[in-house]
Each structure stands twice: as C-alpha cells, then as structure tokens.
Amino acid sequence: MADETRLSRRNLLAAGGALAGAAMGGSAQAAPPAPSVPADTGAVQGGRVMFPNWRGPGDRPPAPSPAPQPPGQRVGYCVVGLGRLSLDEILPAFGEAKRARLAAVMSGSPDKAKLVARQYGLPDDAVYGYDEWDRLKANPNVQAVYIVTPNGVHRDNVVAAAAAGKQVLCEKPMAVASDECREMIAACAKAGVKLMIAYRCQYEPHNRAVIKLARSGEFGRPRLIQAFNGQTTGLPEQWRLRKALAGGGSLPDIGLYCLNTARAVLGEEPNLIQAQIHSPPDDPKYREVEETVSFTLHFPSGVIAQCLSSYGVYEARSLTLHTGTASVDLQNAFAYQGQRLYVGHRDGKNAARDEKVLSPKNQFALELDHFARCVQENLRPRTPGEEGLQDQVLMEAIYEAARTGAAVKVGPPPGAGSGLDVTRGPEPEEPG
C-alpha cells in the first residue's frame, strides 16, 4: 500500500492555505489569498502582535495581547525579605510581569533563601544574606531591589540599597517615623537612584476607575468618602504586634490603605484630622500597638473622608465614594483580588445599580512593571518617596489627634506647591 500523507489541522495550518484548500477537495490555484491581518494568526505592528477585533458590536472588544519584553531586557530585581508576602504574592507575580524579572533574593535565613532560589531557577550565587550588600552591588544582573522586610528596618535596607547603587522599591508603610522617611529620600537622591513606595492599590484597575470617576465629574463632585479595612489577628509573636518593628498596629498595616486611597481618589491633601483609638484592655496582643483606629480627614474642597481600620473584626475591605447623584462602591477594595465596582444612580424614574466589569490584573505585577518602566525610561514613579513621607506625617497626626482628643491641622508638604497630586509622579501606564 502506498504511503499515506497524514493531514492534521496543525499540519494544514503549517502548510498554508494552498495545501489546506487541496486537502479539502479544492484546487491549490483556487485558494483565496490570506488576509493582510489574519483574524487568528495576527500580524506584527509596532513591535507587538496585533489581532483584529473578531467580536461583534454587542460584545466588549478583547484586550490587546500581552507584549512582554525579552527576559534579557527586563529590569532584574532582588527581593529583600522572604516572608509570607514575598512567597505568596510577590515572587509569583514575576510570572505575570512584562518588564520585570526575578534576579536574586536576600534573606536572613540561608536555608529558606536557597530553597526559594532553586524553586525559581536562580543560581546559588544569586542568594544573599542581609550583610552582603557589597556583593549585591557587584551583580550587574540586579538593577533594582524590592524591600519586603518589617517596617522598622526599611530605612536601613533602603539606605544600604542606595549605597549599592540599586533602584529601590519599598513596601508600605515607608518607615516607622517621618524622619526616617526623609533620610531614605535623601539617601536615594544622593546616590542618584529612584525610590518608589509599593502602593499597589494605586495601580489596580478598579481603584484607578474610582479615581477617574471621582475626578471626571460624571456624577457630580465628591462629597463623602467611607473607607474600611478590617481583619482579625492572632499569633501574638508576629512582628506586626511589636511597635519597634511595625511602628503601630492596624493603622500603619491596613488603615494606611484607607488614608492613602482617600488622598489618591481626590488628589488633595487633608487640612484637618480627627481620630480615636481603641484596644481591648484585657488582650495582651495590644500591649504595644492598637487594635482599632477611627479617623476623619477634612479636605480643602469640603470632602470628608471617614476611615476605619481594625485588627478585631471579620475581614472586610470597602471603599465608597458619595456624590450628589451617585454612590460608587468598591468591594474588596484593598484585597489582593476579588474587586467589584458598582455605581448606584438615578435611571429616569428608577434607581439603578450598575456593575462596571473590569479585567482583573495582578497588582504586584503592575507595580513591578511600573517601577521597571520608570527605571528603563528615567521616569518619576507615580508613588515616590514623597508619597510615603506624606502618609507617615499624616499617620503621626492621627496618633496625636487620638492622644489629645483635639483636631490636628495638617496640609500639603512644605514647598509642594498647589494643585492635585503634589506628592505623586505621572500617571502609570494603563495595563494591557
């Protein structure tokens, strides 16, 4: 029996339209020419693979296909600190990043660091201890560091990273005192490196949508903001319950999201703060830090933001923006995932509650890529050190207001000028 040619769909596509036409009983000469921008195979345009919109007018057009940089062109990061946040969120996020890559890890636990390095395909010489900044300095594969250590050592880590000539991305809160923040900013400026604080929510699409709605005036000007971030906490030995390492309790850990988001939504700085603090007197976990903080921010435009954080309640993370004609409700606002955005408004004679459905994105990948782009294109980060410093100054005012029971006057940083977003850099790139 003569040899048979086995034709599969893959072989047909690889062979091209002429063979496919012949195999399906047609003439090779009669095969129609391939379209200039094939619907399913795409075409290279501007350094990207582009596809035409294959959906009908009633459906949302698909998002652009990812356009990751080749690994050798990406910014190499050393993740400093291999605690839960790094292992559960940050290291996996490199798999979704387009401009950033994991190049090294630094930890005080050699066994853990070596294991993690093997898991992510790093060589043995890409593992560093906290006393090996000089050796890290000599590694050309690392252009940036991501500081993910306890708050109380952020200053020392950032100063060391700057001295090593590495660009610095630092977890929030920036530090445990405003003077430390100023030292960190000065050290990075002296070394000529960038400093960004990892306010992931300012890069997350749903949070960004709230900012756009607030500033667009589509539903009128903002009047009130309500922000809540709460969870329960156990394990008294954890560093977040030690003031020297954490700087405080629920306020710098999770209440900071409420504070920073209220500022980011409006672009303004508050001019007056009122606050109260409560901790269960019989719970030894709160001997050094607070459980619950309630604070109110008064803004020059007249907007009042009511914010609340607690370590003593069932997990809830919500943000609501109120205007004269609508309420904008972001559920799971400060969570790592699961955001849902609703707008309640009048629809003729009826009340409507519309959900704005956005494609979810990995917040950590977005912030990694934003900082990488800033390094590559010499841009100021959206959330630079000045953003972290302002939050620290305001948190100190919240503690003072709670301690004295009196309102504390605050305002924009000295010399910041007028206008919106005085502590922020340019808008981040919209995620693809």
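Residues numbered from 1 in each chain as written. Predicted model: local features only at pLDDT ≥ 70, side-chain atom pairs only at ≥ 80, totals over all residues. Heavy atoms only, no water.

Participant: I keep staring at the UniProt feature "domain: GFO/IDH/MocA-like oxidoreductase" (unreviewed entry) in the protein and nothing clicks. Help me out?
Facilitator: Listed under "domain: GFO/IDH/MocA-like oxidoreductase" (unreviewed entry) in the UniProt record, and renumbered for this structure, are residues 208–317. The span residues 208–317 shows a helical share of 27% and a strand share of 35%, and its end C-alpha atoms are spaced 16 Å apart. (UniProt positions renumbered as here; feature names shortened; annotations may be inferred. Helix = DSSP H or I, 4+ residues; strand = E, 2+ residues; numbered from the N terminus.)

Participant: Hey, could you run me through the sheet that holds strand E9 (residues 222–232) in this one?
Facilitator: For sheets, the rule is that strands pair by backbone hydrogen bonds, running either parallel or antiparallel. Read across the sheet, nine strands follow the order E16-E15-E14-E13-E9-E12-E11-E10-E17 without closing on themselves; strand pairing throughout is mixed. The open sheet has two edge strands with one neighbour each: strand E16 (350–356) and strand E17 (408–409). As paired strands, strand E10 (residues 272–278) and strand E11 (residues 292–298) are joined by seven bridges and run antiparallel to one another. Bridge pairing in E11 links Gln274 to Thr296. (Pairing = 2+ DSSP bridges.)

Participant: Any chance you could explain the nonpolar core here in plain terms?
Facilitator: When a protein is soluble and globular, its nonpolar side chains tend to lie buried together. The biggest cluster of nonpolar side chains holds 103 residues, and the ones touching the most others in it are Tyr77, Trp133, Leu195 and Phe295. Per-element accounting of this core gives the leading share, nine residues, to helix H10 (residues 250–266). When near neighbours in sequence (up to four residues on either side) are disregarded, Phe295 contacts Leu251, Gly255, Cys258, Leu259, Gln274, Ala275, Ala305, Gln306, Cys307 and Ile398. One finds Leu241, Ile254, Val289 and Tyr311 within the second-largest nonpolar core, a separate group that totals five residues. (Core = buried A, V, L, I, M, F, W, Y, C linked by side-chain atoms within 4.5 Å. Buried < 20%, exposed > 50% of the residue type's maximum accessible area, 1.4 Å probe, protein only. Contact = heavy atoms within 4.5 Å.)

Participant: Is there a simple way to explain the packing of aromatic side chains in this structure?
Facilitator: Aromatic rings considered in pairs are described by the distance between their centres and by the relative angle of their planes. On inspection of all chains with the given rule, the structure shows three aromatic pairs. Centre to centre, the rings of Tyr77 and Phe94 are 5.7 Å apart; their planes meet at 65 degrees, and the pair counts as edge-to-face. Within this pair, whereas Tyr77 is found in strand E3 (residues 75–80), its partner Phe94 is found in the loop between helix H3 (84–93) and strand E4 (100–106), the two being separated by 17 residues in sequence. Summarising the burial analysis for this pair, Tyr77 and Phe94 share the class buried. Relative to Phe364, the ring of Tyr336 lies with its centre 5.4 Å away and its plane at 65 degrees, an arrangement referred to as edge-to-face. With Tyr336 in the loop between strand E14 (326–331) and strand E15 (340–347) and Phe364 in helix H11 (residues 363–377), the pair connects residues that are 28 residues apart, well separated along the chain. Note on Tyr336: relative accessible area 38%, which makes it partly exposed. Lying over the aromatic face of Tyr342, Arg353 brings its terminal NZ or CZ to 4.4 Å of the ring centre. (Phe/Tyr/Trp six-rings, centres within 6.5 Å; stacked < 30°, edge-to-face > 60°. Lys NZ or Arg CZ within 6 Å of the ring centre and 35° of its normal.)

Participant: Help me understand the sheet that holds strand E5 (residues 127–128) in this model?
Facilitator: Spatial strand order, E5-E4-E3-E6-E7-E8: six strands in an open sheet with parallel pairing. In the strand order of this sheet, the two ends are held by E5 and strand E8 (195–198), each with one partner. By the bridge criterion, two bridges tie E4 to E5 in an arrangement that is parallel. Each residue of the ladder has a partner; that of Met106, found in E5, is Tyr128. Contacting E3, E4, strand E6 (144–147) and strand E7 (167–171), H3 runs over the sheet at an angle of about 165 degrees to E3. (Axes fitted to C-alpha atoms, helices over the stretch in contact; angles between N-to-C directions.)

Participant: Whenever I open this one, the environment of Gly312 confuses me. Can you help?
Facilitator: Here Gly312 shows up in strand E13 (residues 312–323). The exposure class assigned to Gly312 is partly exposed, which follows from its relative accessible area of 39%. It is 44 Å that separates the C-alpha atoms of Gly312 and Asn141, two residues lying 171 residues apart in sequence. Non-local contacts of Gly312, meaning those with residues more than four positions away in its chain, are made with Gln231, Thr232 and Glu291.

Participant: Help me out: how do you make sense of the pattern of salt bridges in this one?
Facilitator: Side chains that carry opposite charge are capable of pairing whenever their charged atoms lie near each other. This structure, assessed with the given rule, holds 26 salt bridges. Ionic pairing is found between Arg317 and Glu315, a salt bridge with its closest N-O pair at 3.0 Å. Accessibility expressed as a relative area gives 14% for Arg317, which makes it buried. Between Arg373 and Glu377 there is a salt bridge, and its shortest N-O distance comes to 3.3 Å. Of this pair, Arg373 and Glu377 both sit in helix H11, four residues apart, which is roughly one turn of the helix. Glu377 sits in the partly exposed class, given a relative accessible area of 39%. One network of salt bridges, with partners in common, ties together Arg208, Lys212, Arg215, Arg263, Glu269, Arg382, Glu387, Asp391, Asp421, Arg424, Glu427 and Glu430. (Salt bridge = Lys/Arg side-chain N within 4 Å of Asp/Glu carboxyl O.)

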